[in-house]
Amino acid sequence: MGLKVLTVFGTRPEAIKMCPVVKCLEENADITSLVCVTSQHKEMLDQVLRIFHVVPDYDLDIMQQRQTISEITTKILEGLTPILKIEQPDIVLVQGDTTTCLASALAAFYRKIPVGHVEAGLRSYDRYSPFPEEINRRITSQIAEIHFAPTKENVCNLLQENIHDRLVITGNTVIDSFKYTVRPGYQFKNKFLSKLIRSGKRLIIVTVHRRESIGEPLKEICSAVKEIVRMHKDVEVICPVHLNPAVREIIYSILDQQERIYLVEPLDVEDMHNLMCKCDLVMTDSGGLQEEAPYFHVPVIVLRNETERQEAVKANTAVVAGVERKHIVDIANKILTNDITYRKMALAENPFGDGYASERIVMELLQWHARREGNKLNVEGGV
């Protein structure tokens, strides 16, 4: 019998990393691929789906303004359960560390449906940072039957937690996404980006969105960005501002109308990836950008106190700056003024894979299914 896979995701970052897997599943004649989106991030999610030409079979459409984590979890459990009952997939694929990931894994577990965890094994070892992602992914690891780990370090994390079964090193699927989004001669949808690139100045991309950054940390980060631009007359900053009202309020209060700092609405994945190709530095609290920028030989300053992407720090593609203004400014100055430091980071080897993670995931799923079906036949045949 063929393999039936239900892939579930709900946020923009999940979609960017899961759409290449979905495309690979769809190309295999031995697999029935179904997609359910929770629409945890409705507007930003739909952008990604259009770019990858992925049409969901189900949309839970849970998005509401200022909804709580508890509300998100409850809606997903209630919405996904009847779908699992109807479709009865052989396996449910979830990604990363979002509330969609955890709630979907729980819903599958409650119906005794195996779970495959894409991007398994990342750990900060601080249960409240990132919040709630660190605990989301730890619990998902306890539920999952197949762990698709991007790197060897991620596998080591799982082994330390006595998780030994079906650990597969795949690389990170975000690298796979560049095959669909990045191309020579790309024409930006946001025409301002073309003008910015032609300015001749060094370009820094800044993104901040995490819950734990809201408040004083985000104020410190914004003040640091303001100071960096003041100190470096040849630098411009573009900051795609997250849709979270609490994030927007702080960023606009400090950085709006500042010379050479441009606040824009969130960029779609094509514009963002092709802009990253041409920028000089990324400053971010995003996990995805820590993985993406090294592919384009762009140094990363991590605007957090820790990172679960320690591979990037070890490879010297990223440096953790924390959330204090002075420390961020000092690190940025070193990178922007010391050519040797900059080149060492820019030319460091990307530790996150070769762009074939999706193919490895599909191959492992087929092998897992074949062994599972073989065991069923043996049991039914009395062997």
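Structure: above.
The structure presented is a predicted model; accordingly, all values stated were derived computationally and were not measured. (Residues numbered from 1 in each chain as written. Predicted model: local features only at pLDDT ≥ 70, side-chain atom pairs only at ≥ 80, totals over all residues. Heavy atoms only, no water.)

1. What to know about the sheet that holds strand β6 (residues 146-149)
- Taken in spatial order, the seven strands line up as β3-β2-β1-β4-β5-β6-β7 in an open sheet, and their pairing is parallel. This sheet does not close on itself; its edge strands, each paired only once, are β3 (58-59) and β7 (167-169).
- Direction of pairing for β6 relative to β7: parallel, over a ladder of three bridges. In the sheet register, H147 faces β7, and the bridge partner there is L167.
- Relative to the sheet, helix α3 (residues 69-87) contacts β1 (3-9), β2 (31-37), β3 and β4 (91-95), its axis offset from that of β1 by approximately 170°.
- Relative to the sheet, helix α5 (residues 133-143) contacts β4, β5 (115-118) and β6, its axis offset from that of β5 by approximately 140°. (Pairing = 2+ DSSP bridges. Helix = DSSP H or I, 4+ residues; strand = E, 2+ residues; numbered from the N terminus. Contact = heavy atoms within 4.5 Å. Axes fitted to C-alpha atoms, helices over the stretch in contact; angles between N-to-C directions.)

2. Things to note about the packing of aromatic side chains
- All chains considered together, the criterion is met by eight aromatic pairs.
- Measuring from centroid to centroid gives 4.7 Å for F178 and Y295, while their planes differ by 35°, and the two rings are tilted. Of this pair, F178 sits in helix α7 (residues 173-181) while Y295 is found in the loop between α12 (287-292) and β12 (300-302), placing the two residues 117 residues apart along the sequence.
- The exposure class of F178 is buried, given its relative accessible area of 4%. (Phe/Tyr/Trp six-rings, centres within 6.5 Å; stacked < 30°, edge-to-face > 60°. Buried < 20%, exposed > 50% of the residue type's maximum accessible area, 1.4 Å probe, protein only.)

Any functional reading would require information beyond the geometric quantities listed.
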